[in-house]
Amino acid sequence: MQIEIYSLTANENNISVVLEAVCDSFSSLLWDIEYYSCGTFEVYIAASPQNIEIFQTGRIVGRDDDKEHFGIIETVKIETDAENGDYLTVSGRFLTSLLSRRIIYPAFSAGNSSCEGIVRSIIALNAISSGVRNIPGLSMGTVTGDCWQKTMSLMVSYENLMDWIYLFCETIGGSLNIRLDGDSMKCDLFQGTDRSIKQSENPHIVFSDSYNNLLSFSYAADSSVQKNFAYVFGSGEGTARKRTTCFYNKEPTHLDRYEVYADKRDLSQDEGVSNGEYLTLLKRAGTEELVSPQILSEFTIAAFSTQYKYNVDYFVGDYVTVEHKRFGLIQPKIQLIGMIESFDSNGRNLTPTFREV
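Residues numbered from 1 in each chain as written. Predicted model: local features only at pLDDT ≥ 70, side-chain atom pairs only at ≥ 80, totals over all residues. Heavy atoms only, no water.

Peptide bonds are, in most cases, trans, and in most cases residues other than glycine have a negative phi. A cis amide bond links tyrosine 105 with the next residue in sequence, proline 106, at an omega value of 0 degrees. Structurally, proline 106 can be placed in the loop between strand E7 (87–94) and strand E8 (108–114). Even without being glycine, asparagine 212 reaches a positive phi, approximately 60 degrees. When you line up the elements, asparagine 212 lands in the loop between strand E13 (206–208) and strand E14 (214–222). (Helix = DSSP H or I, 4+ residues; strand = E, 2+ residues; numbered from the N terminus.)

The next thing to look at is the packing of helix H2 (residues 115–128) against helix H3 (residues 161–172). Across the interface, H2 lies against H3 with an axial gap of 12 Å and an inter-helix angle of 175 degrees. Considering their axes alone, H2 and H3 lie roughly antiparallel with respect to each other. Contacts between H2 and H3 pair Cys115, Ile118, Val119, Ile122, Ile123, Asn126 and Ala127 from the former with Leu161, Trp164, Ile165, Phe168 and Ile172 from the latter. Along the lines of polarity and charge, the residues of the contact of H2 with H3 split into eleven nonpolar, one polar and no charged. (Axes fitted to C-alpha atoms, helices over the stretch in contact; angles between N-to-C directions. Parallel < 35°, antiparallel > 145°, perpendicular 65-115°, else oblique. Contact = heavy atoms within 4.5 Å. Nonpolar A, V, L, I, M, F, W, Y, C, P; charged D, E, K, R; others polar.)

Taken together, the side chains of Glu79, Asp81, Glu83 and Asp86 define an acidic patch exposed on the protein surface. Mapped onto the elements of the fold, aspartate 81 is located in the loop between strand E6 (66–79) and E7. Given the relative accessible area of 33%, aspartate 81 is considered partly exposed. (Patch = residues over 30% accessible without salt bridge, like charges linked within 9 Å, V, L, I, M, F, W, Y side chains within 5 Å. Areas by Shrake-Rupley, 256 points an atom, 1.4 Å probe, with all protein chains shown as cover. Salt bridge = Lys/Arg side-chain N within 4 Å of Asp/Glu carboxyl O. Lys, Arg positive; Asp, Glu negative; His and termini not counted. Charge placed at Lys NZ, Arg CZ, Asp CG, Glu CD. Buried < 20%, exposed > 50% of the residue type's maximum accessible area, 1.4 Å probe, protein only.)

Turning our attention to H3. In an α-helix, one full turn covers 3.6 residues, which means residues spaced three or four apart are oriented alike. For H3, with twelve residues, the first-to-last C-alpha span of 17 Å sits near the 16 Å given by 1.5 Å per residue. Those residues of H3 that sit buried are Leu161, Met162, Trp164, Ile165, Tyr166, Phe168, Cys169 and Ile172. At the exit of H3 stands glycine 173, carrying a positive phi of roughly 90 degrees. (Expected span 1.5 Å × (residues − 1).)

Enumeration according to the criterion identifies 15 aromatic pairs in this entry. A centroid spacing of 5.9 Å and a plane angle of 10 degrees characterise the contact between phenylalanine 229 and phenylalanine 247, whose relative ring orientation is stacked. On the criterion of sequence distance, the pair formed by phenylalanine 229 in strand E15 (residues 229–233) and phenylalanine 247 in strand E16 (residues 243–247) is long-range, its members being 18 residues apart. Overall, phenylalanine 229 belongs to the buried group, its relative accessible area being 3%. Sitting over the face of the ring of phenylalanine 229, arginine 257 holds its NZ or CZ atom 3.7 Å from the ring centroid. Directly above the ring of tyrosine 319 sits lysine 333, whose terminal nitrogen or CZ lies 5.0 Å from the centroid. (Phe/Tyr/Trp six-rings, centres within 6.5 Å; stacked < 30°, edge-to-face > 60°. Lys NZ or Arg CZ within 6 Å of the ring centre and 35° of its normal.)

Moving on, we come to the layout of surface pockets. Where empty space is left becomes clear once a probe the size of a water molecule has been rolled over the atoms. Approximately 620 Å³ is the volume attributed to the second largest pocket. Lining the second largest pocket are 35 residues, and of these Ile33, Glu68, His69, Asn311 and Phe315 sit closest to its centre. Within the residue set of the lining of the second largest pocket, elements represented by two or more residues are strand E3 (28–34), E6, strand E11 (174–180) and strand E12 (185–191). It is E12 that provides the largest number of residues to the lining of the second largest pocket, a total of four residues. In the lining of the second largest pocket, the residues fall into 13 nonpolar, twelve polar and ten charged. (1 Å grid on protein atoms, 1.4 Å probe; cavity = no way out; pocket = protein on both sides within 12 Å on 5 of 7 lines; lining within 4 Å. Points joined across faces, edges and corners; volume = space filled by probe spheres on them.)

Once that is clear, we can look at the pattern of salt bridges. Between side chains of opposite charge, a pair can form as their charged atoms come close. Counted by the stated rule, this structure contains 16 salt bridges. For glutamate 74, the salt bridge goes to arginine 93, with nearest N and O atoms at 3.0 Å. Here the residue glutamate 74 occupies a position in strand E6, and arginine 93 occupies one in strand E7, the gap between them amounting to 19 residues. When its relative accessible area of 33% is taken as the criterion, glutamate 74 is described as partly exposed. Assessed through its relative accessible area of 28%, arginine 93 is described here as partly exposed. In the salt-bridge network here, residues are joined through shared partners; they are Arg63, Asp65, Glu341 and Arg348.

Within the secondary structure, glycine 317 sits in the loop between strand E18 (294–301) and strand E19 (319–324). You can call glycine 317 buried: its relative accessible area is 0%. Sequence separation of glycine 317 and methionine 339 is 22 residues, and the distance between their C-alpha atoms is 9.7 Å. If we ignore the near neighbours within four places in the chain, the residues touching glycine 317 are Tyr35, Gly192, Thr193, Gln335 and Leu336.

Encoded structure:
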């Protein structure tokens, strides 16, 4: 595996991308792909005049075996040591971080629109078709996954563009990624694939101690923090204040009910928004206050598993199954929301992050 370093030159509407160097002599590389947040990378390499010239802030870092993820160098540190040598630490975030340079301005509202249409419109209005606010070379790419065809109503203003989109993605179960495509950047919308034992359409991906692909395992459950029913209050005063309730799928009752108050008075009812639409917006805002029981699981999985290969048989965002047969514990459907690939003198390691569904 080699690191590729590109220079990026931008004008008003376009970019020019040029391969400047290829490097395979780094000391270590961390490549952190995340599903509900922007991924990061870090390269640790010997400091030399040549490397200092190559690794400059604003340049693009890629891998010859990954054409989906590209990082933009944001930080370069030089450390000198008479005994251990001089080293560069080069780090940054993936190209999706370009969206963090914009806020959602002016206010945006949508009524009963598809999730794909909402994200397309918000990105276009703030980063593609917005004059001096354009991100040169950026355009929308492919869209895959049923979650993007869901419909909803919403209002949003002045939020950081990237942060808000990832929160939106977390709500619907999708994600986005910006990749290089020649002298352009494409923003793809996608959804993870269910590969757990709870479905029959795709081959099952099971990490288990009995398969020797689960190297370590920890599990903790805490139900004390949960809130599963919210009373949501919006604009207005006293008895005239708009209000609704929200919960997950089925209204909890008796000892299974954990209530919380959600003050959403800052969500104003704009002109032209009906009471029904406003209550729908209130209900959606109230879901932010719901808290599921905390289940913390940490695993180390085999990087060179004979059963499954990362980025071949399964990907970040997919749903898989994790079990520890010796303790009789099984999580039949759990989402892989992050994967750190690390390369150093000891070889390649995978550190996954899972989330309960």
